[in-house]
Amino acid sequence: MAKINIGDVNIYYELKGHLESDETVVFLNGVMASTSSWNNQVPIFENDFKILLHDFKGQLRSDKPVGPYTFKEHAYDLKVLLDYLDIKKAHFIGTSYGGEVGMRFAIDFPEFVKTLSIIDSVSELDEVLKGMVSNWKTLALKDPSDFFSGMVPTIYGNEFMKKNHQFLEVRAKGISTIKEDYFTGQIYLYDTFLNDVNMTDELNNIKCKTLVICGENDILKPRKFSDIIVSKINQCEYALIPNCGHVTIFEQPDVLNSLLLGFIVKNK
């Protein structure tokens, strides 16, 4: 656990797993998440891979300079971090906002990318998605409990919500204890998303082996967005996970882990 200063912004990161390995997996967070959100995925890689996690600027443990930012900035920050850690090439796994950073990184810095796995992400917006994220901005300015209760139905699938009341209650309590600057950072990140997700026409520049994964019941970033991504990237595999909403890393971790590990081992 450490921080690196990039342009007077402190970026939090963690390096773990098999630190002597020549194979590195880089996890890229969803917008509301942090490095701990990957706790279901890290264990399947940590014996054989070096693992890098970090919070984007604006996220929980990193600085939150006035935004909005750009996805190019996030990609550049990641490139500086990789250079600092002497990581020449890696496998990148990004969920939602992190998948969008991953696509931007693969476009801008292809020499670093062995494989790219994109989970529940988009390369463009529609009015429904804009409306949902704009509503998150409004809620982030209010009481934390209102934020969580308003956000939950847009990201979790119906079956998961029915079966995991206790998990969601713990998450709600955790949100209510977070410092106020978390929500300030969230607003900057939401604005970044709304202003800067416009990558569809550049996706044909992604030349690495790519895996696209989508929860079948994702209402925030539904299948049509993954279909667009798959249609534009040449070396692409596609998996649709049944009974799963937007937060695949929590809702269907076993299925997701099998897909990720199989894809990355196959392309080592």
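Now for a quick tour of the structure.

What counts and how
Residues numbered from 1 in each chain as written. Predicted model: local features only at pLDDT ≥ 70, side-chain atom pairs only at ≥ 80, totals over all residues. Heavy atoms only, no water. Axes fitted to C-alpha atoms, helices over the stretch in contact; angles between N-to-C directions. Helix = DSSP H or I, 4+ residues; strand = E, 2+ residues; numbered from the N terminus. Parallel < 35°, antiparallel > 145°, perpendicular 65-115°, else oblique. Left-handed = near helix turned anticlockwise from the far one by under 90°. Contact = heavy atoms within 4.5 Å. Nonpolar A, V, L, I, M, F, W, Y, C, P; charged D, E, K, R; others polar. Salt bridge = Lys/Arg side-chain N within 4 Å of Asp/Glu carboxyl O. Buried < 20%, exposed > 50% of the residue type's maximum accessible area, 1.4 Å probe, protein only.

**A look at the packing of helix H5 (residues 144-155) against helix H7 (residues 165-176)**
Logical step 1: At their nearest, the axes of H5 and H7 sit 8 Å apart, and the two run at 140 degrees to each other. By the angle class used here, H5 and H7 are oblique. With respect to the hand of their crossing, H5 and H7 are arranged in right-handed fashion. On H7, the residues that touch Pro144, Phe147, Phe148 and Val152 of H5 are Leu168, Arg171, Ala172, Ile175 and Ser176.
Logical step 2: Of the residues contributing to the contact of H5 with H7, the split by class is 7 nonpolar, 1 polar and 1 charged.

**Some thoughts on the pattern of salt bridges**
Logical step 1: All told, the structure shown has 16 salt bridges when counted by the stated rule.
Logical step 2: In this structure, the salt-bridge partner of Glu127 is Lys130, at a minimum N-O distance of 3.2 Å. Highlighted residues: Glu127 and Lys130, both in helix H4 (residues 127-140), separated by 3 residues, approximately one helical turn.
Logical step 3: With relative accessibility at 31%, the residue Lys130 sits in the partly exposed group.
Logical step 4: One continuous salt-bridge network, built from bridges that share partners, spans Lys72, Arg104, Asp108 and Glu202.

Everything listed here is a matter of coordinates, which is why it stays silent on function.
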